[in-house]
Amino acid sequence: MKLTDFYNDVSRRVDTSKTAISVAETKRVLSEAFLVLAKMDAADMADTIAKGLATAKRKSSK
C-alpha cells in the first residue's frame with residue numbers, strides 16, 4: 001500500500017454522515033501525526049504505534 005492509498009483509505013472511513021471530514025483534512029492530520037512520530041526516539045515511536053495497534057485490534061473485535 002502506498003502512503004496516498006493509506007491516506008485515502010483512512011479518509012473514506014472517517015468521512016461519515018455524522019462527522020464530515022474532508023480528504024484534505026484527514027491527510028493533514030495524518031501528516032502531522034507522522035511528524036510527531038518522527039520526532040520520537042525509535043523505542044518511544046514503536047511503543048506508541050504498538051499501543052495504537054492494540055487499541056485498534058480491540059475495537060475491531062467488538
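Residues numbered from 1 in each chain as written. Predicted model: local features only at pLDDT ≥ 70, side-chain atom pairs only at ≥ 80, totals over all residues. Heavy atoms only, no water.

**As for the overall build of the protein**
Reasoning step 1: Per the secondary structure count, the protein includes three helices and zero strands.
Reasoning step 2: For 62 residues, the compact-globule estimate of 2.2 N^0.38 gives 11 Å, and the protein exceeds it by more than 25% at 13 Å.
Reasoning step 3: Its C-alpha atoms give the protein principal-axis dimensions of roughly 35 × 30 × 20 Å.
Reasoning step 4: Split into buried and exposed, the 62 residues of the protein put 8% on the buried side.
Reasoning step 5: When the accessible surface of the protein is totalled, it reaches about 5,300 Å², and 60% of it is carbon and sulfur. (Helix = DSSP H or I, 4+ residues; strand = E, 2+ residues; numbered from the N terminus. Rg over C-alpha atoms; globule rule 2.2 N^0.38 Å. Buried < 20%, exposed > 50% of the residue type's maximum accessible area, 1.4 Å probe, protein only. Areas by Shrake-Rupley, 256 points an atom, 1.4 Å probe, with all protein chains shown as cover.)

**Let's talk about the pattern of salt bridges**
Reasoning step 1: Taken as a whole and judged by the stated rule, the model has two salt bridges.
Reasoning step 2: Among the ionic pairs, Arg 12 bridges to Asp 9, the shortest N-O distance being 3.9 Å. Of the two residues, Arg 12 and Asp 9 both sit in helix α1 (residues 3–14), three residues apart, roughly one turn of that helix.
Reasoning step 3: As a salt-bridge pair, Lys 51 and Asp 47 come within 3.0 Å of each other at their nearest N and O atoms. Here Lys 51 and its partner Asp 47 are both found in helix α3 (residues 42–60), four residues apart, which amounts to about one turn of the helix. (Salt bridge = Lys/Arg side-chain N within 4 Å of Asp/Glu carboxyl O.)

**What to know about the confidence of the model for the protein**
Reasoning step 1: Per-residue confidence for the protein gives a mean pLDDT of 93; residues scoring 70 or more make up 100%.
Reasoning step 2: Averaged pLDDT values for the elements of the protein fall to 91 in α1 and rise to 96 in α3. (pLDDT = per-residue confidence, 0-100.)

**Observations regarding the packing of aromatic side chains**
Reasoning step 1: In the structure shown here, the tally under the stated rule is three aromatic pairs.
Reasoning step 2: Note on Tyr 7 and Phe 34: the rings are 6.5 Å apart at their centroids and 45° apart in plane angle, and the pair reads as tilted. In this pair, Tyr 7 is assigned in helix α1 and Phe 34 in helix α2 (residues 23–39), connecting sequence segments 27 residues apart. (Phe/Tyr/Trp six-rings, centres within 6.5 Å; stacked < 30°, edge-to-face > 60°.)

**Here we look at the environment of Ser 60**
Reasoning step 1: Along the polypeptide, Ser 60 turns up in helix α3.
Reasoning step 2: What makes Ser 60 exposed here is its relative accessible area of 61%.
Reasoning step 3: Through-space distance from the C-alpha of Ser 60 to that of Ala 24 is 25 Å; in sequence the pair is 36 residues apart.
Reasoning step 4: A polar contact of 3.0 Å, which involves the side chain of Ser 60, links it to the backbone oxygen of Lys 57. (Polar contact = N/O pair within 3.5 Å; in protein donor to acceptor, adjacent residues only side chain to side chain.)

**A look at the side chain of Thr 26**
Reasoning step 1: Following the sequence through the fold, Thr 26 ends up in helix α2.
Reasoning step 2: Classification of Thr 26 by relative accessible area gives buried; the value is 6%.
Reasoning step 3: Setting aside residues up to four positions removed in sequence, Thr 26 forms contacts with Tyr 7, Val 10, Ser 11, Val 14 and Ile 21. (Contact = heavy atoms within 4.5 Å.)

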